[in-house]
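The lines below spell out each chain.
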Amino acid sequence: MAIRLGGLASGMDIDSIVRDMMRVERIRVDKVSQKNTQLEWTRESYNEVNKWLAEFVLKTRESFDLTDSSSGVLLNRSVSSMKWVKAATAADPGIVEVSARSNAVNSSYDINVVQLAANWSAASKEPISAEGADRGSLRSQFQLSAGDVIDFTIKTQNTKGEEQTVNIFVNDEKTVISITKDGKELPVIELSGKNLFNISLKEIAGHINQADIGVTAMYDESIDRFFLQTNETGEKNTIEITDNSSILIDQGGSMEEADFISRLKLQYRHTELSGDGSPVETAKDVAAGQIYTGKDAVIDFGMAKGIRQSSNQFTINNIDINLKAAGSTTIKVETDENSVIDKITEFVNQYNELIDKINAKLGEARYREYPPLTEEQKKEMTDREIELWEEKAKSGLLRNDQVISSTMQRIRSGLYEKVEGIQGAFSHLTQIGISTESYASGSMGGRLSIDEVKLREALRKDIDGVIELLFKEPDSGITDENEKRQNTGLAGRLYGDLVTGMKEIIIKAGPGEDASLFRKVNSTMLVDFVTQHSSISMLDETIKNNAKRILELERRLADKENDLWRRFSAMEKALNEMYAQSDWLYQQFYM
């Protein structure tokens, strides 16, 4: 940078002169910068609209029971999972709890619960520790001798036929845990610092549980009892305990070998049928080498006798059943007319709210006389003045936007197009009492209205037809996208059209900070954006290019400012030299 001489010789305010001259030059940079700010605001507005669309899809799909996030991951569910279409009631809810899926048939069913499904469980029938023993040490607790070895294996098999084992080996030197799952051996866990002297039964139970093979072990020191049970119910869930322990115990002065499992004094519930066929429960000792199973639920459903289920929760005839106790009762399934009307009304209201917000965005007034403020302008204004100005400047950036307008037009037309392949009585939205509201001056239209009387008549005529019209899923063999859309129910078609529009907005403005939200709507939402557009939206590309241009213009401005200072500095230097010569000549003539 050149040395800047600030007008000492000329008496001129060089700094102000250069600043004024550069202010004119900066107008071009400010215009590009203002344009970029406007583009950034436009991108934010697109992102805001796209977020509205995504939230509408997620919220209404959840309301319709078409999604499930109970596992922490959002999962799409079939139309049959909807629980608000049909109502199922049990005459005695103490015996069964029931709910009906949307495709359950209206009828009454007799159900007799013979027995509930149960897991296998065992517990110590009496205290298991030696009197006065240290329960933090297996050797003390069970009065083991030097050289004794505890070595037992628990093997389980689940309803899929998968076998899993955990082996516990403890001697005077170490503890070793070996785990096998579905034929694959996991890395052996060797605890060299733990042995018969200092490992507790509670720690052994903890290692069994950590093995995660479908069993739970517990030792309650306060009552000195050990508990062992399978995690799942049903006869196909089995458990077998083998014991290769080497333990010597004193039997009246003579030492005899015993296994470790017998020292736990475990008993389990055993069910046998009496002469009249009624179940009788007895207690039996758990023995090593025996295979034990859980119990299946057994029910009679109408004339279908002896139906067995591995769990107390299952589905028959699209009725979800949860058994609570043995006994007989009646289940009734019927259309929940009010619930269906409430759900459809809620959906229409949420749709209308979305339409109102987007119509307001598309119809916002545009104030072109309010461009984005420059930094110099902001310095001369209060925060409130800046806020009011930018409110005007941001208004109307999406006024009559083509991308959003075409999306809304596609949605509106899709709702009134015929659904092909319908088996029920209805193929158009107006046939079930839903139509467009009458046009109002100043409105962009698109809102829906419900004729509840006509909707209720449609439900009574053909409830399945109403559900099919709204939620029909296209045949899996259809590959053409247009044909697939024509064969999709109106709600599903609406969601598909929204996804298409959202993808177009993302290509235009990117996903902003809501990428994860859009993936919840559609897992492939961002695939084309990433693969075909390299995650760079059209606006992002323009903003980036403008930013490069601003940097270049700023560089030119800096060069221009330096050049002006060089020129003025040269003038100041020349004036200084001239004044110095004048002083010398004056001194020569008059001194």
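Note that this is a predicted model, so its numbers are computed, not measured.

## Here's the deal with unusual backbone geometry
Phi is positive for Q143, close to 50°, though the residue is something other than glycine. Along the chain, Q143 falls in the loop between α2 (138-141) and β7 (150-157). Despite not being glycine, D212 has its phi angle at roughly 55°, a positive value. Turning to its location among the elements, D212 is positioned in the loop between α3 (201-210) and β12 (215-220).

## Re the side chain of N158
Structurally, the position occupied by N158 is in the loop between β7 and β8 (163-170). Within the structure, N158 has its side chain in polar contact with the backbone nitrogen of K160 (distance 3.0 Å). A polar side-chain atom of N158 sits 2.9 Å from a polar atom in the side chain of E162. Sequence-distant contacts of N158, that is, excluding residues within four places in its chain, are made with K236 and N237.

## Quick notes on the packing of aromatic side chains
According to the stated counting rule, one finds 14 aromatic pairs in the structure shown. Seen from their ring centres, F56 and F347 are 5.8 Å apart, and the 40° between their planes marks the pair as tilted. A residue pair is termed long-range when its members are at least 10 positions apart, and F56 in helix α1 (residues 14-63) and F347 in helix α5 (residues 337-362) qualify at 291 residues. A relative accessible area of 6% places F56 in the buried class. Ring geometry for Y109 versus F301: centroids 5.3 Å apart, planes at 25°, classification stacked. Taken together, the positions of Y109 in strand β5 (residues 107-115) and F301 in strand β20 (residues 297-301) put the pair 192 residues apart, joining distant regions of the chain. No difference in accessibility class separates Y109 from F301, as the two residues are buried. One aromatic cluster in this structure is built from F56, F64, W84, F347, Y351 and F471. Directly above the ring of Y367 sits K392, whose terminal nitrogen or CZ lies 4.2 Å from the centroid.

## A word on the layout of surface pockets
Empty space left among the atoms is revealed by rolling a probe the size of a water molecule over them. Of the voids in this model, the largest pocket is the one considered here, and its volume is about 1000 Å³. Of all the secondary-structure elements, those providing two or more residues to the lining of the largest pocket are α1, α9 (452-471), α10 (481-486), α11 (490-509) and α12 (515-521). At eight residues, α11 tops the list of elements feeding residues into the lining of the largest pocket.

## Quick notes on the sheet that holds strand β24 (residues 327-335)
In sheet architecture, strand pairing relies on hydrogen bonds along the backbone and comes in two forms, parallel and antiparallel. Strand order across the open sheet formed by five strands is β3-β24-β5-β20-β21, with antiparallel pairing between neighbours. At either margin of the open sheet sits one strand with a lone partner, and together these are β3 (86-90) and β21 (304-309). Neighbour to neighbour, the strand axes of the sheet diverge by 25° on average, direction disregarded. Pairing of β5 with β20, which is carried by four bridges, proceeds in the antiparallel orientation. Following the sheet pairing, V113 is matched in β20 by I299.

## Points about the nonpolar core
Ranked by size, the top nonpolar core spans 66 residues in total, and within it F56, M82, I358, I404, I432 and F471 carry the most contacts. Among the elements of the structure, α1, α5, α8 (402-416), α9, α11, α12 and α14 (538-590) are those that each provide at least two residues to this core. When sequence neighbours within four positions are dropped, the list of residues in contact with I432 reads F426, K454, L455, A458, V466, L469 and L470. Grouped together as the second largest cluster of nonpolar side chains are 39 residues, A211, Y219, L264 and Y268 included.

## Some thoughts on empty space enclosed by the protein
Taken as a whole and judged by the stated rule, the model has two cavities of 30 Å³ or more. The volume enclosed by the largest cavity comes to roughly 120 Å³. Around the largest cavity, the lining comprises 14 residues; the ones closest to its centre are F347, L415, L429, L470 and L490. In terms of residues, the lining of the largest cavity owes the most to one element, α5, which gives four residues. Of the residues contributing to the lining of the largest cavity, the split by class is 14 nonpolar, no polar and no charged.

## Some remarks on the pairing of β24
The sheet contact formed by β3 and β24 spans five bridges and is antiparallel. Within β24, the position partnered with A88 by the bridge is V333. Where β5 lies against β24, seven bridges are found, and the strand directions are antiparallel. Directly across from I111, in β24, lies its bridge partner T329.

## Focus on the pattern of salt bridges
Within the structure shown, the criterion is met by 28 salt bridges. In this structure, the salt-bridge partner of K361 is E364, at a minimum N-O distance of 4.0 Å. Judged by relative accessible area, K361 falls into the buried class, the value being 11%. On the accessibility criterion, E364 (26% relative accessible area) is partly exposed. For E417, the salt bridge goes to R485, with nearest N and O atoms at 3.0 Å. Note that E417 is positioned in the loop between α8 and β25 (434-436) and R485 in helix α10, a separation of 68 residues in sequence. Residues joined by salt bridges that share partners form a network here, namely E337, E452, R456 and R460.

Criteria and thresholds
Residues numbered from 1 in each chain as written. Predicted model: local features only at pLDDT ≥ 70, side-chain atom pairs only at ≥ 80, totals over all residues. Heavy atoms only, no water. Helix = DSSP H or I, 4+ residues; strand = E, 2+ residues; numbered from the N terminus. Polar contact = N/O pair within 3.5 Å; in protein donor to acceptor, adjacent residues only side chain to side chain. Contact = heavy atoms within 4.5 Å. Phe/Tyr/Trp six-rings, centres within 6.5 Å; stacked < 30°, edge-to-face > 60°. Buried < 20%, exposed > 50% of the residue type's maximum accessible area, 1.4 Å probe, protein only. Lys NZ or Arg CZ within 6 Å of the ring centre and 35° of its normal. 1 Å grid on protein atoms, 1.4 Å probe; cavity = no way out; pocket = protein on both sides within 12 Å on 5 of 7 lines; lining within 4 Å. Points joined across faces, edges and corners; volume = space filled by probe spheres on them. Pairing = 2+ DSSP bridges. Axes fitted to C-alpha atoms, helices over the stretch in contact; angles between N-to-C directions. Core = buried A, V, L, I, M, F, W, Y, C linked by side-chain atoms within 4.5 Å. Nonpolar A, V, L, I, M, F, W, Y, C, P; charged D, E, K, R; others polar. Salt bridge = Lys/Arg side-chain N within 4 Å of Asp/Glu carboxyl O.

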